[in-house]
Amino acid sequence: LQIPSDKQVLMITKEDADESDSFLAQGGICVLKSDDDYDSYFEDTMRAGHYENRKESVDIMIRSSQSIIKQLVEYGVDFKRENGEFCYTREGGHSERENITILEHTTMYDFLMADNICYGVMAQMADGSKEKITADYTMLACGGLGGIYKHSTNYRHITGDALAIA
């Protein structure tokens with residue numbers, strides 16, 4: 001849930017950063033604040049999924065959102081609050097990335113391993129060259145594999161190849 005600010009984070013993505021699940025997540029969590037918000041929340045979710053979402057699943061997600069937030073708080077997630085109340089904002093991309101660098105059009109194709117420890121990855125860069133990217137810690141946040149299915153709201157390039165390599 002937290003990466004220390006003294007760590008330099010490198011995120012790679014096979015396509016443009018705004019065509020990744022990480023971008024779509026936008027750093028926030030949607031929650032139904034009141035029953036009055038249901039219709040707009042439902043429409044926003046359907047539109048974000050290009051209207052390919054299963055309506056029943058969207059309904060379940062919306063109606064369970066408050067209990068999920070409650071559970072996350074019980075796990076210790078420290079959501080931003082003012083005067084004890086959650087801060088609600090409209091979701092959107094962050095303008096500052098601080099300690100995060102993003103390499104677009106970069107594809108991981110293998111891990112760098114020694115003595116059963118991962119020291120980074122091998123990647124094909126945007127210009128087609130192949131490079132070692134070394135790291136003290138390597139974390140996969142691979143975005144899933146929804147793109148391999150005919151019917152999915154994921155982008156087509158989200159193919160699970162990082163999961164396969166793992």
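In this text, all values refer to a predicted model and were calculated from it rather than measured experimentally.

> Got a minute to help me understand a nonpolar patch on the surface in this structure?
Residues L145, I148, Y149 and L163 make up a contiguous nonpolar surface patch of roughly 370 Å² in combined accessible area. Turning to its location among the elements, Y149 is positioned in the loop between β7 (130-134) and α4 (161-165).

> Is there a simple way to explain the confidence of the model for the protein in this structure?
Caution is warranted with low-pLDDT regions, since their predicted coordinates should not be read in detail. Mean pLDDT over the protein stands at 84; residues scoring 70 or higher make up 87%. Taken element by element, the predicted model of the protein shows its lowest mean pLDDT in helix α1 (residues 21-25) (60) and its highest in β7 (97). Scored below 50 in pLDDT, residues 92-96 shows three contacts in the model against residues more than four places distant or in partner chains.

> How should the packing of aromatic side chains be read in this particular structure?
Given two aromatic rings, their pairing is described by the distance between the two centres and the angle made by the two planes. Counted by the stated rule, this structure contains two aromatic pairs. When the centroid spacing of 5.9 Å and the interplanar angle of 25° are considered together, the rings of Y38 and F42 count as stacked. Taken as a pair, Y38 and F42 lie in helix α2 (residues 38-48) at a separation of four residues, close to a single helical turn. The buried category is assigned to Y38, whose relative accessible area is 14%. On the accessibility criterion, F42 (18% relative accessible area) is buried. On the numbers, 5.8 Å between centres and 85° between planes, the contact of F79 with F86 is edge-to-face. On the accessibility criterion, F79 (19% relative accessible area) is buried. Take F86: its relative accessible area is 27%, and that puts it in the partly exposed class. Its end group placed over the ring of Y38, R63 keeps NZ or CZ at 4.3 Å from the ring centre. The cationic tip of K130 hangs over the ring face of Y109; the distance from NZ or CZ to the ring centre is 5.1 Å.

> Where do I start with the pairing of β7 in this structure?
Consecutive residues of a regular strand have side chains that alternate between opposite faces of the sheet. As paired elements, strand β6 (residues 117-124) and β7 share five bridges and run antiparallel to each other. If you follow M122 over to β7, its bridge partner there is K132. Between β6 and β7, which pair antiparallel in sequence order, lie five residues; one of them, G128, sits at a positive phi of approximately 95°.

Conventions and cut-offs
- Residues numbered from 1 in each chain as written.
- Predicted model: local features only at pLDDT ≥ 70, side-chain atom pairs only at ≥ 80, totals over all residues.
- Heavy atoms only, no water.
- Patch = residues over 30% accessible without salt bridge, like charges linked within 9 Å, V, L, I, M, F, W, Y side chains within 5 Å.
- Areas by Shrake-Rupley, 256 points an atom, 1.4 Å probe, with all protein chains shown as cover.
- Salt bridge = Lys/Arg side-chain N within 4 Å of Asp/Glu carboxyl O.
- Helix = DSSP H or I, 4+ residues; strand = E, 2+ residues; numbered from the N terminus.
- pLDDT = per-residue confidence, 0-100.
- Contact = heavy atoms within 4.5 Å.
- Phe/Tyr/Trp six-rings, centres within 6.5 Å; stacked < 30°, edge-to-face > 60°.
- Buried < 20%, exposed > 50% of the residue type's maximum accessible area, 1.4 Å probe, protein only.
- Lys NZ or Arg CZ within 6 Å of the ring centre and 35° of its normal.
- Pairing = 2+ DSSP bridges.

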